[in-house]
Amino acid sequence: MSLSDDLHPDTLRGAFSRFPSGVAALCARVDGQPQGIVASSFTVGVSLDPPLVMFAVQNSSRTWPVLGSAPRIGVSVLGERHEGVCRQIASRQGDRFAGLRLEATDQDALFLDQAALWLECSVEQEIPAGDHRVVLLRVHGHAAHADANEPLVFHGSAFRRLRETALV
């Protein structure tokens, strides 16, 4: 067996892309304006007691310092119909929320319409992790929308869809 010792960030990005992940949008209204980021590093089930989820955000993010200050953040686990929405929110220019159907809580957490899962969260802890920060979020409420659509999957640096294999 031969393993590469090339740990250059571009090489690692390609290697890490072989692991499929879901995609989540984390959004809130801050000072009256919608703010949001997209995370393919989002993970549920970190802890059930207390209820914690997590994701990683680049230290260079300009949005996270603003979004992370919100008292509540809406996490929307994205479905296959959200590929364009995902690209729009992740964009570095233009109105990233133009035309999007959003639901808001009393504490300004924002959720995307037709997401498979909504989680209302607050920042529990941030942990430095190299060129990223691992952010633990405490879950305060949830709503599952099983009939919304199938999950959006990020794999091989591209968006994919789950496909059911027909049983014979």
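**Student:** Quick rundown of the overall build of the protein chain? Include the residues and the values.
**Tutor:** Across its full length, the protein chain holds three helices and twelve strands. Taking 168 residues into account, the globule formula puts the C-alpha radius of gyration at 15 Å, and the protein chain, at 17 Å, falls close to it. Structurally, the protein chain occupies a C-alpha span of about 55 × 50 × 40 Å along its principal axes. Pairs at least 24 apart in sequence give 64% of the contacts found in the protein chain among residues at least 6 apart.

**Student:** I'd like to hear about the nonpolar core, residue by residue, with values.
**Tutor:** Core analysis: the biggest nonpolar cluster contains 21 residues, and L26, F42, F55, W64, V75 and L137 have the highest contact counts within it. The element best represented in this core is strand β2 (residues 24-30), accounting for four residues. Not counting residues up to four positions away in its chain, the partners in contact with W64 are I37, F55, V57, I73, V123, E126 and V135. Within the second largest apolar cluster, 13 residues are counted, among which are L78, V85, I89 and L100.

**Student:** Tell me about the state of the cysteines, and name the residues and values.
**Tutor:** This structure, assessed with the given rule, holds zero disulfides. There is no disulfide at C86, and the cysteine sulfur nearest it, in C27, is 10 Å away. In this model C121 remains outside any disulfide bridge; the closest cysteine sulfur is found in C27, 12 Å from its own.

**Student:** Give me the layout of surface pockets: which residues, what numbers.
**Tutor:** Each pocket or cavity is described by its volume, and for the largest pocket that value is around 1,700 Å³. Considering the residues around the largest pocket, the lining is formed by 41 residues, among which V38, A39, S40, Q58 and H132 are closest to the centre. Put simply, the parts of the chain that give the lining of the largest pocket at least two residues each are α1 (9-16), β3 (33-39), β5 (51-58), α3 (83-90) and β11 (152-155). Along the lines of polarity and charge, the residues of the lining of the largest pocket split into 18 nonpolar, 17 polar and six charged.

**Student:** Would you mind going over the pattern of salt bridges in detail, with residue names and values included?
**Tutor:** Going through the model one piece at a time under the given rule, you end up with seven salt bridges. A salt bridge links D108 to R29; the shortest N-O distance between them is 3.3 Å. In this pair, D108 is assigned in the loop between β7 (102-104) and β8 (110-112) and R29 in strand β2, connecting sequence segments 79 residues apart. Accessibility expressed as a relative area gives 29% for D108, which makes it partly exposed. Between R101 and D113 there is a salt bridge; the shortest N-O distance is 3.3 Å. Of the two residues, R101 is situated in the loop between α3 and β7 and D113 in the loop between β8 and β9 (117-129); the sequence distance between them amounts to twelve residues. The class of R101 is exposed, set by a relative accessible area of 60%.

**Student:** Lay out unusual backbone geometry in plain terms, naming residues and giving numbers.
**Tutor:** Going from D49 to P50, the amide bond is cis rather than trans, its omega being 5 degrees. Relative to the helices and strands, P50 resides in the loop between β4 (43-48) and β5. The phi angle at D108 is positive, at roughly 70 degrees, despite the residue not being glycine.

**Student:** Please set out the pairing of β5 residue by residue, giving values where relevant.
**Tutor:** Across three bridges, β4 lies against β5 in antiparallel orientation. Across the sheet, residue S47 finds its bridge partner in β5, namely L52. Between β4 and the antiparallel strand that follows it, β5, lie two residues. Direction of pairing for β5 relative to strand β10 (residues 132-144): antiparallel, over a ladder of seven bridges. When the bridges of β10 are listed, F55 appears paired with V135.

**Student:** Which residues make up the environment of S60, and what values go with them?
**Tutor:** Note that S60 resides in the loop between β5 and α2 (64-67). When the C-alpha positions of S60 and T11 are compared, they lie 20 Å apart, and in sequence the two are 49 residues distant.

Rules behind the numbers
Residues numbered from 1 in each chain as written. Predicted model: local features only at pLDDT ≥ 70, side-chain atom pairs only at ≥ 80, totals over all residues. Heavy atoms only, no water. Helix = DSSP H or I, 4+ residues; strand = E, 2+ residues; numbered from the N terminus. Rg over C-alpha atoms; globule rule 2.2 N^0.38 Å. Contact = heavy atoms within 4.5 Å. Core = buried A, V, L, I, M, F, W, Y, C linked by side-chain atoms within 4.5 Å. Buried < 20%, exposed > 50% of the residue type's maximum accessible area, 1.4 Å probe, protein only. Disulfide = S-S within 2.5 Å. 1 Å grid on protein atoms, 1.4 Å probe; cavity = no way out; pocket = protein on both sides within 12 Å on 5 of 7 lines; lining within 4 Å. Points joined across faces, edges and corners; volume = space filled by probe spheres on them. Nonpolar A, V, L, I, M, F, W, Y, C, P; charged D, E, K, R; others polar. Salt bridge = Lys/Arg side-chain N within 4 Å of Asp/Glu carboxyl O. Pairing = 2+ DSSP bridges.

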